[in-house]
Amino acid sequence: MRMLITFQNKLVPVYFTTENKQPTQKVLRLLTSALDLKINKGKNALKKCLNSLISIEIKGSEAILHSFSENDSLALSLY
């Protein structure tokens, strides 16, 4: 399943697998709050990834953040 969220004034696609047991809205709330927290208080490597974010893939309780450079892609725990 694919949804779009707004992050830093741009639309970012979020892909879900069918194995997620949590409700979609709860996962999206956790994701957006984690991203907002990390962009304000995160380390430079994480901020670099978030500034060039192109898509997010949710697998279980992990959010895989894909950026323009494959080397900047990171995994973020939602729980």
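Our structure is the block above this text.
For clarity, every value in this text was computed on a predicted model and none was experimentally measured. (Residues numbered from 1 in each chain as written. Predicted model: local features only at pLDDT ≥ 70, side-chain atom pairs only at ≥ 80, totals over all residues. Heavy atoms only, no water.)

*Asks:* Honestly, the side chain of S52 in this entry has me stumped. Any pointers?
*Replies:* Looking at the secondary structure, you find S52 in the loop between helix 2 (44-51) and strand 3 (53-59). Apart from residues no more than four positions distant in its own chain, S52 is found in contact with K10, H66, S67 and F68. (Helix = DSSP H or I, 4+ residues; strand = E, 2+ residues; numbered from the N terminus. Contact = heavy atoms within 4.5 Å.)

*Asks:* Looking at this structure, how should I read the nonpolar core?
*Replies:* Across soluble globular proteins, you tend to see nonpolar side chains buried next to one another. Among the nonpolar cores identified, the biggest contains 21 residues, and L31, L35, I56, I58 and L65 are the most heavily contacted of them. When residues in this core are grouped by element, the largest group, 6 residues, is from helix 1 (residues 24-41). With residues up to four places along the chain from it excluded, the contact list for L65 reads L35, L46, C49, L50, L53, S55, I56, S73, L74 and L76. (Core = buried A, V, L, I, M, F, W, Y, C linked by side-chain atoms within 4.5 Å. Buried < 20%, exposed > 50% of the residue type's maximum accessible area, 1.4 Å probe, protein only.)

*Asks:* Can you help me understand the pairing of strand 3 in this one?
*Replies:* A regular strand places its side chains on the two faces of the sheet in alternate fashion. For strand 2 (residues 10-16) and strand 3, the ladder comprises 3 bridges, and the chain directions are parallel. Among the inter-strand pairings, V14 is bridged to a residue of strand 3, identified as I56. Note that strand 3 and strand 4 (residues 62-67) share 6 bridges and pair antiparallel. Its bridge partner being in strand 4, L53 is matched across the sheet by S67. Here strand 3 hands over to strand 4 after 2 residues, with G60 in that stretch at a positive phi of 65°. (Pairing = 2+ DSSP bridges.)

*Asks:* Would you take a moment to explain the packing of helix 1 against helix 2 for this structure?
*Replies:* Think of two packed helices as two axes; the pair is described by the angle between the axes and how far apart they sit. Between helix 1 and helix 2, whose axes approach to 8 Å, the crossing angle comes to 125°. Of the possible angle classes, the one that applies to helix 1 and helix 2 is oblique. Crossing of helix 1 against helix 2: the hand is left-handed. Mapping the contact onto sequence places L35, K38, I39 and N40 in helix 1 and L46, K47, L50 and N51 in helix 2. Of the residues belonging to the contact of helix 1 with helix 2, the class tally is 4 nonpolar, 2 polar and 2 charged. (Axes fitted to C-alpha atoms, helices over the stretch in contact; angles between N-to-C directions. Parallel < 35°, antiparallel > 145°, perpendicular 65-115°, else oblique. Left-handed = near helix turned anticlockwise from the far one by under 90°. Nonpolar A, V, L, I, M, F, W, Y, C, P; charged D, E, K, R; others polar.)

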